[in-house]
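Analysis of the macromolecular model
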Protein chains: 4
Amino acid sequence: MQHIGQTVWAIPEGYIPSGSVSDAHDLVSHEAACFLNAGDHDADVRITLYFEDREPVGPYHVKVPAQRTLHLRFNDLSDPAPVPRDTSYASLIEASAPVIVQHTRLDSRQPAMALLSTIAYPAVPQ
Amino acid sequence: MQHIGQTVWAIPEGYIPSGSVSDAHDLVSHEAACFLNAGDHDADVRITLYFEDREPVGPYHVKVPAQRTLHLRFNDLSDPAPVPRDTSYASLIEASAPVIVQHTRLDSRQPAMALLSTIAYPAVPQ
Amino acid sequence: MQHIGQTVWAIPEGYIPSGSVSDAHDLVSHEAACFLNAGDHDADVRITLYFEDREPVGPYHVKVPAQRTLHLRFNDLSDPAPVPRDTSYASLIEASAPVIVQHTRLDSRQPAMALLSTIAYPAVPQ
Amino acid sequence: MQHIGQTVWAIPEGYIPSGSVSDAHDLVSHEAACFLNAGDHDADVRITLYFEDREPVGPYHVKVPAQRTLHLRFNDLSDPAPVPRDTSYASLIEASAPVIVQHTRLDSRQPAMALLSTIAYPAVPQ
């Protein structure tokens, strides 16, 4: 059961609203890539961000340890550059070991927050 | 990594509410097809819309440049015809190069908006 | 391009809330299976409903004409029996021609509605 | 039609908010794995939970009878340990017979609830 998942994933729909009615960490507007590494080897993950009108930015580097999950907020990425707010982007995720990726956004621009989620696209190079 | 994605995608659930509590561009009710073209070649995209009680309309033409994302609002399509509001439709997307497509709707008919999203269906001709 | 999609689909998560703050057709709590038939042949669709504590009910019969979409509300099914409200169910969808299916719920038990959506599971018999 | 689905599924995005504005069973904040077993054999299901900073917990055991659905709330799991609230987790689901799994969350921390849903990732061991 060590090798569940895939090594390349894509999330075409990225957008972090700049506004939030709450400053609480759990309720601030955010976008996350949630990883599951059910395997026995740590996964080194490279994330590249794509935009509508500028060159891609990245790679960002994160690690998903073996037998762990990581709920990574795009809000928290800073190196090589923070993710611009109120800006359409997409992300390509490449991992050194198989993982599974789910995309979630919590939008709290309004007092009543909204949620969306989907399993990301497991991109198999053709 | 140039050829990630697929060339035919389908979104069965299309519906643009005519109403919105806000006129702000980011908060008006809208439906989007979000594209990621992580490859080295621009993708020419043809979109055909299907309805419940009339002939299909299209193709609509958009371009997703190499190494770019495009968050296309169906609201903005106008040629050959605007997308009718408050009307059930579906869309078939054909691209000249592999892309990944995610479907998102923001519904702001009410003061508290709602969101939905899913990776579109990668349709492989049989 | 006539044969896009698959002929067997599953939606494990079914639930129609009995309550709605609005009686308007577009805002009443409902659950839909949205079909796209991009092919040249009408699709005869059989739907079977599964429950937690009783025998399956069905088949329900609907037709998705060639080159059309159908946004079918489970609320509207009546033969052989209406879908019980406030009850967990699941659905299995079998079509005579390839279609694509997306699952959507609009929950308006509260003044601020909520939405969810996902492409259904394309079940390939094993 | 007895063998629809797959035997290994993953849900990377798990999170049960501790707060709810309502104590009603249907409106309390909860997270569910919805199963469909359309086959002729009961499915014995093992669930393992993964965390960001501790060892995996499990397996949890549930049964999905033949020809039935089960909408399992992670809130209700107790053996070997309850699922911690306000904590990021992920789940790996292994079944003795093919099933289909859909992930749903209802978040009612605020008066206006939010919903998300996606078909889980059908993990094929590599």
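Going by the structure above, here's the rest.
Residues numbered from 1 in each chain as written. Chains lettered and ligands numbered in written order. Predicted model: local features only at pLDDT ≥ 70, side-chain atom pairs only at ≥ 80, totals over all residues.

1. A closer look at the overall build of chain A
When you go through chain A residue by residue, the secondary structure sums to zero helices and eight strands. Counted from the first residue to the last, chain A has its helices and strands arranged as β-β-β-β-β-β-β-β. Computed over C-alpha atoms, the radius of gyration of chain A comes to 15 Å, within 12% of the 14 Å expected from 2.2 N^0.38 for 126 residues, which places it in the range of a compact globule. Based on the C-alpha atoms only, the size of chain A along its principal axes is roughly 45 × 30 × 25 Å. Classification of the 126 residues of chain A by burial places 52% in the buried group. Intrachain contacts of chain A at a sequence separation of at least 6 include 70% that bridge at least 24 residues. (Helix = DSSP H or I, 4+ residues; strand = E, 2+ residues; numbered from the N terminus. Rg over C-alpha atoms; globule rule 2.2 N^0.38 Å. Buried ≥ 20, exposed ≤ 12 C-beta atoms within 10 Å, placed from the backbone. Contact = placed C-beta atoms within 7 Å.)

2. Here's the deal with the interface of chain D and chain A
Across the boundary between the two partners, chain D contributes 25 residues, which contact 27 residues of chain A. Of all the secondary structure elements, the ones that give two or more residues to the side of chain D that touches chain A are β1 (6-14), β3 (43-51), β6 (89-107) and β7 (114-119) of chain D. Counting residues per element, the side of chain D that touches chain A draws most heavily on β7(D), which supplies five residues. Of the residues assigned to the side of chain D that touches chain A, the class counts are 17 nonpolar, four polar and four charged. (Nonpolar A, V, L, I, M, F, W, Y, C, P; charged D, E, K, R; others polar.)

3. Here's the deal with the pairing of strand β4 (residues 57-64) of chain C
Residues and elements named next belong to chain C. With six bridges connecting them, strand β3 (residues 43-51) and β4 associate as antiparallel partners. In the strand pairing of β4, I47 is matched with Y60. What sits between β3 and β4 in their antiparallel hairpin is a turn of five residues. (Pairing = 2+ DSSP bridges.)

4. Quick word on the relation of the copies chain D and chain A
Rotating chain D by 90° and translating it 0.0 Å along the rotation axis places it on chain A, where the RMSD comes to 0.0 Å. The superposition of one copy onto the other is thereby described by a four-fold rotation axis. (Least-squares fit on C-alpha atoms with pLDDT ≥ 70 in both.)

5. Details of the interface of chain B and chain A
In this complex, chain B contributes 27 residues to the contact, which on the side of chain A involves 26 residues. Those elements giving two or more residues to the side of chain B that touches chain A turn out to be β2 (30-37), β5 (68-73), β6 (89-107) and β7 (114-119) of chain B. Looking at the side of chain B that touches chain A, the element that brings in the most residues is β7(B), giving six residues. Tallied by class, residues from the side of chain B that touches chain A come to 16 nonpolar, nine polar and two charged.

6. Some thoughts on the nonpolar core
In this structure, A:A10, B:A10, C:A10 and D:A10 are the most contacted members of the largest nonpolar core, which totals 144 residues. Aside from chain neighbours lying at most four places away, what touches D:A10 is A:I4, A:L36, A:I100, D:L92, D:A120, D:Y121 and D:A123. (Core = buried A, V, L, I, M, F, W, Y, C linked by C-beta atoms within 7 Å.)

7. Focus on the environment of A:H41
All names here are of chain A. Position of H41 among the secondary structure elements: in the loop between β2 (30-37) and β3 (43-51). What makes H41 partly exposed here is the crowd of 14 C-beta atoms within 10 Å. When the C-alpha positions of H41 and P65 are compared, they lie 7.0 Å apart, and in sequence the two are 24 residues distant. In contact with H41, not counting residues within four places along its chain, are A66 and A97.

8. Let's talk about the environment of B:D26
Residues and elements named next belong to chain B. Take D26: it is sitting in the loop between β1 (6-14) and β2. Note on D26: 14 C-beta atoms within 10 Å, which makes it partly exposed. With 80 residues separating them along the chain, D26 and L106 place their C-alpha atoms 9.1 Å apart.

9. Details of the environment of A:V64
All names here are of chain A. Secondary-structure assignment places V64 in strand β4 (residues 57-64). Distance in space between the C-alpha atoms of V64 and L36 is 7.8 Å, their sequence separation being 28 residues. Once residues within four sequence positions are removed from consideration, V64 is found in contact with F35, N37, D42, A43, V45, L70 and V99.

10. Topic: the pairing of β6(D)
A regular strand places its side chains so that they alternate between the two faces of the sheet. All names here are of chain D. Within β6, 16 of the 19 residues are buried, leaving the element largely enclosed by the surrounding structure. Strand direction decides the pairing type here: β1 and β6, joined by six bridges, are antiparallel. Across the sheet, the residue bridging to Q6 is V99, located in β6. In this structure, strand β2 (residues 30-37) lies alongside β6, joined through seven bridges in antiparallel fashion. Bridge pairing links F35 to V101 in β6.

11. With respect to unusual backbone geometry
Residue A:P59 follows A:G58 across a cis peptide bond; omega there is 0°. Within the element layout of this structure, A:P59 appears in strand β4. C:P80 follows C:D79 through a cis peptide bond whose omega is 20°. Positive phi outside glycine occurs at D:D86, with the angle close to 55°. Following the sequence through the fold, D:D86 ends up in the loop between β5 (68-73) and β6.

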